Amino acid sequence: GNLTAEFDSIMNSIVKMTVYLPKENMFNLKIISTSGNIKIHDMAFENIDILSTSGNSYIDGCSGKNLDIDLTSGNTNVSNVDFKDIQINGTSGNIDVLTTQANLNVEILSGSVDINDVSGSLDIQGSSGRIDVDLANKDIKPINIRLSSGDVRLTLDAETKFNLDAQASSGNVATDFEVTIKGNSTSDDNSIVGKCNGGGSLVKLQVTSGDINVLEK
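Presented here is a report on the structure given in the accompanying data block. Owing to the predicted nature of the structure, the values given are computational and were not obtained by experimental measurement.

**Some points on the overall build of the protein**
Helix and strand content of the protein: zero helices and 20 strands. The 217 residues of the protein split such that 38% are buried. Taking the contacts inside the protein whose residues are at least 6 apart along the sequence as the reference set, 28% of them involve residues at least 24 apart. Of the roughly 11000 Å² of accessible surface on the protein, a fraction of 44% belongs to carbon and sulfur atoms.

**Here's the deal with the side chain of S112**
Along the polypeptide, S112 turns up in the loop between β8 (95–110) and β9 (113–119). One polar contact links S112 to N94, side chain to side chain, over a distance of 2.9 Å. Dropping the residues within four chain positions of it, S112 is found in contact with G93, N94, I95 and R130.

**Digging into the side chain of S79**
With respect to the helices and strands, the residue S79 is situated in strand β7 (residues 76–92). Side-chain polar atoms of S79 contact the side chain of D60, separated by 2.8 Å.

**Comments concerning the pairing of strand β14 (residues 162–170)**
Judged from the six bridges that link them, β14 and strand β18 (residues 191–196) form a sheet pairing that is antiparallel. For A166, the partnering residue across the bridge sits in β18 and is I192. Relative to strand β19 (residues 201–209), β14 runs parallel, the two being bridged by eight bridges. Paired with A166 across the strands is L205, a residue of β19.

**Quick look at the packing of aromatic side chains**
Scanning all chains against the criterion turns up one aromatic pair. Between F162 and F177 the ring centres are 5.1 Å apart and the planes differ by 90°, which places this aromatic pair in the edge-to-face class. Placement of F162 in strand β14 and of F177 in the loop between β15 (173–175) and β16 (179–180) is noted, with a sequence separation of 15 residues between them. Assessed through its relative accessible area of 0%, F162 is described here as buried. Note that K39 overlies the ring of Y58, its terminal NZ or CZ placed 5.7 Å from the centroid.

The rules behind the values
- Residues numbered from 1 in each chain as written.
- Predicted model: local features only at pLDDT ≥ 70, side-chain atom pairs only at ≥ 80, totals over all residues.
- Heavy atoms only, no water.
- Helix = DSSP H or I, 4+ residues; strand = E, 2+ residues; numbered from the N terminus.
- Buried < 20%, exposed > 50% of the residue type's maximum accessible area, 1.4 Å probe, protein only.
- Contact = heavy atoms within 4.5 Å.
- Areas by Shrake-Rupley, 256 points an atom, 1.4 Å probe, with all protein chains shown as cover.
- Polar contact = N/O pair within 3.5 Å; in protein donor to acceptor, adjacent residues only side chain to side chain.
- Pairing = 2+ DSSP bridges.
- Phe/Tyr/Trp six-rings, centres within 6.5 Å; stacked < 30°, edge-to-face > 60°.
- Lys NZ or Arg CZ within 6 Å of the ring centre and 35° of its normal.

Okay, here's the thing in structure tokens:
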């Protein structure tokens, strides 16, 4: 089945809509909002699709196949969820994803991105802001981060095995990890290309203007 909720503000009044559903169902949930906050807690859906012009979105304890969030202006907080794929698009605002099982794709024009303890591949693209990723699991999936202006910080378990390709056109690249450089691999203030702990999943970090730090914990 499908469940669609669509609402906006009426003459600057405050409108609150609460929908109660069984915890587990096969609904496709779609929410369209012009102005207002969206909260979804402890629910299982087939797919969740959120389209919001202005307001914050909070998704906690949910599961399903796909989670798609498209925000023009507002913050996004996703925590304790289990999806196959998550797509988050934002024009302006902050994005926080915590304790999540999913392949995560994020695109944002302006704002900060904080990722903590995500199991799955990461593809993050930003124009202006800060990207901070902290992963607890040493067995990581591929990571691809591209940022035009701002700093990128990636923190990984000290035993994580990965191939590092970090490039900063205007800025510095630094890492705590010991990097093995062979063949055409390179290392200088603006780039580091090589293997960490023998190599593994590809970690590709690109910044046009800003610094890149790859830290171990």
